[in-house]
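For reference, the chains in residue letters:
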Amino acid sequence: MTNEKKVVLITGASSGMGHESAKYFYDHGWIVYAGARRTQRMKDLQELGIHTHRLDVTDNESNKSFVEAAIKEQGRIDVLINNAGYGEYGPLEEVSLENVKYQFDVNLFAASELSKLVLPLMRRQKFGRIINVTSIGENVYMPLGGWYHATKAALGIWSDVLDMEIRQFGLRSIVIQPGGTQSEWGEIAIQNAEKNLMADSPYKKLVQVIKKVLTSHEITTTSRDLAKVFYKAATDAHPSRRYYRSLTDRIGVWIARNHPSLWRFGMRTMMDRMSR
Ligand SMILES: NC(=O)c1ccc[n+]([C@@H]2O[C@H](COP(=O)([O-])OP(=O)(O)OC[C@H]3O[C@@H](n4cnc5c(N)ncnc54)[C@H](OP(=O)(O)O)[C@@H]3O)[C@@H](O)[C@H]2O)c1
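The notes below deal with the structure included here. (Residues numbered from 1 in each chain as written. Predicted model: local features only at pLDDT ≥ 70, side-chain atom pairs only at ≥ 80, totals over all residues.)

As a further point, take the nonpolar core. Residues V8, L9, V32, A34, I81, I131 and F230 are the most contacted members of the largest nonpolar core, which totals 54 residues. Setting aside anything within four residues of it in sequence, one finds V32 in contact with V8, I10, A22, F25, Y26, I50 and H51. Of all hydrophobic cores here, the second largest spans 14 residues; its members include V95, A193, V209 and L214. (Core = buried A, V, L, I, M, F, W, Y, C linked by C-beta atoms within 7 Å. Buried ≥ 20, exposed ≤ 12 C-beta atoms within 10 Å, placed from the backbone. Contact = placed C-beta atoms within 7 Å.)

Interhelical geometry of helix α1 (residues 16-27) versus helix α8 (residues 223-235) gives an angle of 60° and a closest axis separation of 8 Å. Classified by the angle between their axes, α1 and α8 sit oblique to one another. In the crossing of α1 with α8, the sense of the turn from one axis to the other is right-handed. Contact with α1, carried on its side by G16, M17, H19, E20, S21, Y24 and F25, involves S223, R224, L226, A227, K228, F230 and Y231 of α8 and no other residues of that element. Looking at side-chain class alone, the contact of α1 with α8 contains seven nonpolar, four polar and three charged residues. (Axes fitted to C-alpha atoms, helices over the stretch in contact; angles between N-to-C directions. Helix = DSSP H or I, 4+ residues; strand = E, 2+ residues; numbered from the N terminus. Parallel < 35°, antiparallel > 145°, perpendicular 65-115°, else oblique. Left-handed = near helix turned anticlockwise from the far one by under 90°. Nonpolar A, V, L, I, M, F, W, Y, C, P; charged D, E, K, R; others polar.)

For the ligand, the set of nearby residues contains 31 residues, the closest of which are G12, G16, R37, G85 and S183. Taken together, the elements giving at least two residues each to the shell around the ligand come down to α1 and α6 (185-195). Among the elements that take part in the shell around the ligand, α1 stands out by supplying three residues, more than any other. A class-by-class count of the residues in the shell around the ligand yields twelve nonpolar, 14 polar and five charged. (Near = placed C-beta within 6 Å.)

Among all positions in α6, only W185, A189, N192 and A193 are buried. The buried residues of α6 occupy an angular sector of 100° when the element is viewed end-on, so they sit on one face. Opposite the buried face of α6, by more than 90 degrees, sit the exposed residues E187 and K195. Its buried side turned inward, α6 meets α1 and α7 (204-216). (Arc of directions from axis to C-beta.)

Structure (structure tokens):
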């Protein structure tokens, strides 16, 4: 039996943007499937009536049961939001290959595997959107974020290619590029940078500087603000290929793309100030 209500699948729903989006879509009458590893952090969502699932996006059996539950119970999937992600920060000389591979598993390959699972149904339906959450860090970059930026840049181009391939079926693949947003993301990135340092690392000072850069300015954008952007991308009649939360984010991306020397100069100046 096919449900008349629209159905959205959201990964990384135990915190931040994913958690707020689950509530936002639900409040707008959607059937929501919310996935994350920390199910206890989705209890409030479950109490609302959201379908919460233990989901480890790096485990394809886990991805399969998440998607299959939605198909079996609702018979349709309108939107998949590939939101789960984190920053494996650390000096490129020192981050282990194992951690680099895990970073790609979570931020890039999981999005691909989940998309493969929903696309056959979406093609049959002749409608559906895949929303991929990258970052302004797809274009702008800072020291210690090398592997994170690489995954987000890869996810962005992957999404653009997928969009070209699936438009013929009436489907879209869309990118959202958030800038700094209140969530657990920054703390986890800094913890990883510290964890990835070797005992005698020459990069200890750099980690302290980047910690200051990431925590120096007060972030005013909330995860709920981003939930509204996710919702717009899911519901716009003629969606864009890229969505930004603010003009500042858009300008940052424009500068990094078109005037990389200017971006690097700005970054160096800020780091010099922070290292004093
Ligand atoms: N906050 C920012 O400033 C910012 C800026 C640009 C882009 N982004 C991107 O926006 C997205 C959302 O981040 P956020 O800010 O909301 O961060 P967050 O508060 O740290 O939430 C990240 C979510 O990803 C999930 N996750 C991580 N690894 C996972 C795995 N292996 N399997 C399933 N879920 C996993 C986490 O759930 P579990 O740990 O419970 O599994 C959590 O729910 C991420 O892709 C992030 O890179 C964030």
